[in-house]
Amino acid sequence: NKDIKVVVVTPDAALGKKATACPTVYLLHGFGGHAKTWIEIKPNLPQIADEKGIIFVCPDGSTSWYWDSPVNPSFRYETFISSELVKYIDEHYKTIADRKGRAITGLSMGGHGAMLNASRHKDTFGAGGSTSGGMDIRPFPKNWDMAKRLGDYESNKEIWDTHTVINQIDKIQNGDLAIIFDCGEADFFIQVNKDLHNRLLEKKIDHDFITRPGGHTGEYWNNAIDYQILFFDKFFKK
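This report concerns the structure included in the present document. All figures in this text were calculated on a predicted structure; none of them were measured in a lab.

What characterises a pair of aromatic rings is the spacing of the ring centres plus the angle enclosed by the ring planes. On inspection of all chains with the given rule, the structure shows 10 aromatic pairs. Taking 5.8 Å as the distance between ring centres and 80° as the angle between the ring planes, the aromatic pair formed by Tyr 26 and Phe 125 counts as edge-to-face. Linking Tyr 26 in strand β2 (residues 24-28) with Phe 125 in the loop between α4 (109-120) and β5 (127-131), this pair joins segments that are 99 residues apart in sequence. As far as the burial class goes, Tyr 26 and Phe 125 line up, both buried. Over the aromatic face of Phe 75 sits the side chain of Arg 149, whose NZ or CZ is 4.1 Å from the ring centroid.

Moving on to the sheet that holds strand β1 (residues 6-9). Ordered in space as β1-β3-β2-β4-β5-β6-β7, the seven strands form an open sheet in which the pairing is mixed. In this open sheet, the two edge strands, each paired with only one partner strand, are β1 and β7 (208-212). Between one strand and the next, the sheet's axes are offset by a mean angle of 15°, whatever the strand orientation. Where β5 meets strand β6 (residues 178-184), five bridges bridge the pair, whose relative direction is parallel. Its bridge partner lying in β6, Ser 130 is registered against Phe 181. In this fold helix α7 (residues 190-202) packs onto β6 and β7, with an angle of close to 150° to the strand it touches most, β6.

Here α7 spans 19 Å end to end across 13 residues, near enough to the 18 Å set by a 1.5 Å rise per residue. Turning to α7, its buried residues are Ile 190, Val 192, Asn 193, Leu 196 and Leu 200. The elements touched by buried residues of α7 are β6 and β7.

This part covers the pattern of salt bridges. This model, assessed by the stated rule, comprises 11 salt bridges. With a closest N to O distance of 2.9 Å, Arg 138 and Asp 136 form a salt bridge. Here Asp 233 and Lys 237 are joined by a salt bridge, their closest N and O atoms 3.0 Å apart. Of this pair, Asp 233 and Lys 237 both sit in helix α8 (residues 218-237), four residues apart, which is roughly one turn of the helix. If you follow the salt bridges from partner to partner, you end up with Lys 52, Asp 233 and Lys 237 in one network.

Here we take up the nonpolar core. Ranked by size, the top nonpolar core spans 44 residues in total, and within it Tyr 26, Ile 104, Ile 179 and Leu 196 carry the most contacts. Looking at this core, the elements with two or more residues in it are β2, β3 (55-59), α3 (77-92), α4, α5 (146-150), β6 and α7. Per element, the largest residue contribution to this core is six residues, and it comes from α3. Not counting residues within four places of it along the chain, the set of residues in contact with Ile 104 comprises Tyr 26, Leu 28, Ile 81, Ala 114, Asn 117, Ala 118, Phe 125, Ala 127, Gly 128, Gly 129 and Phe 232. Counting 25 residues, the second largest nonpolar core, distinct from the first, contains Leu 27, Ile 48, Cys 58 and Ile 180.

What counts, and where the lines are drawn
- Residues numbered from 1 in each chain as written.
- Predicted model: local features only at pLDDT ≥ 70, side-chain atom pairs only at ≥ 80, totals over all residues.
- Heavy atoms only, no water.
- Phe/Tyr/Trp six-rings, centres within 6.5 Å; stacked < 30°, edge-to-face > 60°.
- Helix = DSSP H or I, 4+ residues; strand = E, 2+ residues; numbered from the N terminus.
- Buried < 20%, exposed > 50% of the residue type's maximum accessible area, 1.4 Å probe, protein only.
- Lys NZ or Arg CZ within 6 Å of the ring centre and 35° of its normal.
- Pairing = 2+ DSSP bridges.
- Axes fitted to C-alpha atoms, helices over the stretch in contact; angles between N-to-C directions.
- Contact = heavy atoms within 4.5 Å.
- Expected span 1.5 Å × (residues − 1).
- Salt bridge = Lys/Arg side-chain N within 4 Å of Asp/Glu carboxyl O.
- Core = buried A, V, L, I, M, F, W, Y, C linked by side-chain atoms within 4.5 Å.

None of this, on its own, says anything about what the molecule does.
Laid out in structure tokens, this is it:
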């Protein structure tokens, strides 16, 4: 029940009379970002779309963490991202309307949102990623409006437990999702990313995990997204 801005970057291959169906990568922004965040971080996204034949979809996620909020029924961003938006994009653009042609990733809050949605909706997304993502939100109970969406941590630990990415891993088996995530070594989210890596290793779930020098910055994400797009492109071509 609201208008949500979405930037869609459409490759030449998906346009015109000879349009061919193209795969789609959903790119989620971080806390304090908006629909144009990814275009600002990566101004050459249109050229990459043309080169790879990939549609990029960048929705505005407000400060939602891409959950359906148990506290505020009007905040239903998981439903929006994984159901309403995908349906709209498939109806209005020349997409490969199948999980084999859909990937989702994002930065920071958006990395959390992408991995959460991919894990919980593996019938919708075939691949999931994150760059500098909040893979476990529980060490940060007072930050980034999360308590507004989930209730305060002390009184709602069970809700926090069921809404953090690291606890979604129980929903997937090896081979369910193609997974890539990365984090800079100077990033405040580095430890929760390493924790997720170790959890996936324990469960013997294949994934790509990359750390490199860098912090929680646009410069880092501008570089990191290239490797994620390469990973997704390989997934689409399988």
